[in-house]
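Structural characterization, general
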Amino acid sequence: MIIDYPVKYIDNQEELQQLKQVLENSMEFALDLEADVNLHRYGRKLCLAQFWNGEQCWLLDLRVLDISCLREILEDPAVVKVMYAASFDISLLADLLNIQLKGLFDIQTCSSLLGNGRRSLKHFMKEMFDLELEKDLQTSDWYRRPLTEEQLAYAATDVRFLLEARELQLAQLETADLMEAALDAFQKVEQSRFQEVNDPYLRVRNAARLTPYQKIMLKELFTVRERIAEALDLPSYKILRSYHLIGLAQNPPLTRADFEEKELFQDKLKDYIDEFLLAADNARISILEQNSQIKNQVIELRRLLHKHPELPGKESGTEKRIHRFIRNFAPHHTIRNLGRFSSSYLYMSEEEGPAVIFRAEIDAGTGKDNCKTEWTSREKRVAHLFGHDGHMAILTALASRLYEQPLRRGKVMLLFQSASGNGKGAQKVLKDKRFQQFQAEFTFAMHNVPQYERGNIILVKDSFTPAETSLVINLTELMEHLADEEYRKAITAAFSNILLQIPLLAPDVEFTYLQMGKLTASERPLKAEIRLNLVALNDEIMDGLQQQITEKVESICYEYRIKSEIQITASLPAAVNAPEAEEILRSALENYDFTLLEKPFSWKDDFGHYSRISKAIQFGFGTGKSEVELGSSDYDFPDELIYEGVEILISILRQLDMI
């Protein structure tokens, strides 16, 4: 690069004062800066300032010079400073020297206003003056001394043609009537400043892909790296590359020996292993503290749900409380209003894998709560006496774990289901097209079981809960005309005979409502109604019972010439375990004790519906022999079991190779 104009290198205050006198008598000059910003040294460092007044170029060595004496000139708006892409240099002056530059004419800004785009100085000079700039030197080490002849020539050329470019652009601005717009734009550039970054460690490449706990580790390791870089006056990347830092955050060494085994901690970093080890320990303490806070929040949520129970089909408040909590843990997809008050939260991986549902019930039941705690039910006849509040808490805690430890493959749906006790909740969920798109392979549901050893896993031989069907039998009118007395005898006989015969077919039948005639004794009964619940070990037995009862009722009614109607008002299929799901459960929980029961539990649950769309299993986990029975007015789900339940579900995901 040929320099055919005078260039003076200044590295002493005496010659700087001489330049000051020249600039004080100038109405305009070109200005540029060379700096090192975390490229060859740590932090931001001014290296060189270039001035051109149209006759001579001055190169100021900012490593040894204090140019605060030029502040008045640089801040004088009447003196024009011609620069190219000035925002970064103006920010450097403000940040490092507290100089607020005024009187700017920015060639790049002007070029953009004139419709020529925001080109680099190299392209601008080529187009405007047919001049080739060697921009490779831009990233050279400007802090090193002495500077090379090539660097000095490059620096001088950067400002040499700026004044001429300004003259050409002034004419173009006048022609286009853009002078006022240009002045406004220049003033905006003069306000350029570096923005403070609140969490600089989050700007490390790929930091966004880390889990929340890994980001805590990254923050501590990043802080140590910056401290070492500053002490050695080296850019951060020369201490540890970003991908090395991310790798350490994902798999942090636990001991000094672990650090020493890594090739990263040889040579210059060997003396700093203890600092990195302390940072990793501090991160683990922070993670434990944060994890403890989340655990307390989950417990508070469980107690809040217990305090505000809601009957099946009326769980609006419960659903909203769950949603407000889980949204903090960034599910990939949320579906609300599944069958009115059911909702689901989906966590996914980019890699294909199993589609798994974990389901919890959100409805409470009728009953009085006598647990005498601060979170005792506020409803007189509604309470969580079967631990559904605990089941919900386990799934919300699992959401926090899936947020902290994303799935390696596959997808998980956390399903909070409404109306599990009346047979309507699961049916409505399964009918929803949004739910159908999930195409579950496995569905799991846990139920707490008191009076079994804590940590014991309980399975039932045929089905966890039985099939249950609610029937309504209406006796309406005669098939043919009879006298009043005969009619009364016929409907009374049919009613009585049905009540006698059904228990012979179904010994476990429960009559829930019986009505015939009116309270007025003088009026003959015109109709009768029988409501009953049937319980069977499995769906096949239930189908047989329903068929036998239907045939028996029709036979009795035919005998007495009475018309009848039989209606199913609710149906709960048996929760029969899929062998494949049971095998996964047993393998995942091989360190647990298993108990196999012969008879299903008696409580109502519609989980059996999920067997129709997936390999489903419902199982129990013991809460301790000293616990009161489920359904007791004194029952309160033990808070300490929430995270034991979470670990069971995590073990299932590990067995499926999903985390």
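Described in the following lines is the structure provided in the data block. Not measured: the values here are computed from a predicted model. (Residues numbered from 1 in each chain as written. Predicted model: local features only at pLDDT ≥ 70, side-chain atom pairs only at ≥ 80, totals over all residues. Heavy atoms only, no water.)

1. Quick look at empty space enclosed by the protein
Using the following cut-off: With a 1 Å grid spanning the protein atoms alone, the term cavity applies to any set of points in which a 1.4 Å probe fits but cannot get out, the term pocket to an open set with protein on both sides within 12 Å along at least five of seven lines, and the term lining residue to any residue with an atom within 4 Å of a point. Grid points are joined across faces, edges and corners, and a volume is the space filled by probe spheres set on the points. Strands are runs of DSSP state E lasting at least two residues, helices are runs of H or I lasting at least four, and both sets are numbered from the N terminus onward.
In total, this model carries one cavity of 30 Å³ or more according to the counting rule given. For the largest cavity, the calculated volume is near 70 Å³. Around the largest cavity, the lining residues are Phe358, Arg359, Ala360, His391, Ile394, Leu395, Phe444, Ala445, Met446 and Leu649. Broken down by secondary-structure element, the contributors of at least two residues to the lining of the largest cavity are strand S9 (355-361), helix H14 (388-404) and strand S13 (442-449).

2. Here's the deal with the layout of surface pockets
Using a probe with the size of a water molecule, rolled over the atoms, empty space left in the structure can be pinpointed. So the rule is basically this: Note on residue classes: Ala, Val, Leu, Ile, Met, Phe, Trp, Tyr, Cys and Pro are nonpolar, Asp, Glu, Lys and Arg are charged, and everything else, Gly too, is polar.
The volume enclosed by the largest pocket comes to roughly 760 Å³. Among the elements that line the lining of the largest pocket, the one with the most residues is helix H9 (residues 212-232), at three residues. Among the residues forming the lining of the largest pocket, the class breakdown is 10 nonpolar, five polar and seven charged.

3. Quick word on the sheet that holds strand S6 (residues 104-106)
Cut-off, in case you're wondering: DSSP bridges decide pairing: two strands pair if at least two such bridges lie between them. In this analysis, axes come from line fits to C-alpha atoms, helices being fitted only over the stretch in contact, and the angle between any two N-to-C directions falls in the range 0 to 180 degrees. Between two residues, a contact is recorded if the distance between any of their heavy atoms is within 4.5 Å.
Across the sheet, which stays open at both edges, the six strands sit in the order S1-S4-S3-S2-S5-S6 with mixed pairing between neighbours. At either margin of the open sheet sits one strand with a lone partner, and together these are strand S1 (7-10) and S6. Recorded for the sheet is a direction-independent mean angle of 25° between the axes of neighbouring strands. Set on the sheet, helix H6 (residues 149-160) makes contact with S1, strand S2 (28-37), strand S3 (44-52) and strand S4 (57-61); between it and S3 the angle comes to about 60°. Of the strands in this sheet, S2, S3, strand S5 (80-83) and S6 are in contact with helix H7 (residues 162-175), which crosses S2 at around 120°.

4. Overview of the nonpolar core
What counts here: Here, the term nonpolar core denotes a set of buried Ala, Val, Leu, Ile, Met, Phe, Trp, Tyr and Cys residues that are joined through side-chain atoms within 4.5 Å. Working definition: with a 1.4 Å probe on protein chains only, accessible area under 20% of the residue-type maximum means buried, over 50% means exposed, and in between means partly exposed.
Phe276, Phe358 and Ile652 are the most contacted members of the largest nonpolar core, which has 111 residues in total. Leave out the neighbours within four places in its chain, and Phe276 touches Leu221, Val224, Arg225, Ile228, Leu240, Phe259, Phe265 and Leu269. Counting residues in each nonpolar core, the second largest holds 33 residues, with Ile107, Leu121, Leu147 and Leu163 among its members.

5. Some words on a negative patch on the surface
Just so we agree on the cut-off: Patch criteria: residues need more than 30% relative accessible area and no salt bridge. Like-charged residues are merged within 9 Å; nonpolar side chains of Val, Leu, Ile, Met, Phe, Trp and Tyr are merged within 5 Å. Accessible areas in this description were obtained via Shrake-Rupley with a 1.4 Å probe; residue shielding takes into account the shown protein chains only. The salt bridge definition used is simple: a Lys or Arg side-chain nitrogen within 4 Å of an Asp or Glu carboxyl oxygen. Counting rule for charge: Lys and Arg are taken as positive, Asp and Glu as negative, and neither His nor the chain ends is counted. By convention, the point assigned to a charge is CZ for Arg, NZ for Lys, CD for Glu and CG for Asp.
Judged by side-chain charge, Glu174, Asp177, Glu180 and Asp184 come together as a negatively charged surface patch. Take Glu174: its relative accessible area is 53%, and that puts it in the exposed class.

6. Description of helix H20 (residues 642-655)
The condition is simple: Given a helix with a known number of residues, its expected span is that number minus one, times 1.5 Å.
In this model, H20 (14 residues) spans 20 Å end to end at C-alpha, consistent with the 20 Å of a helix rising 1.5 Å per residue. Along H20, 10 of the 14 residues are buried, which leaves the element largely enclosed by surrounding structure. Within H20, the full set of buried residues consists of Ile642, Tyr643, Gly645, Val646, Ile648, Leu649, Ile650, Ser651, Ile652 and Leu653. Taken from the residues just after H20, Asp657 is the one with a positive phi, measuring 60°.

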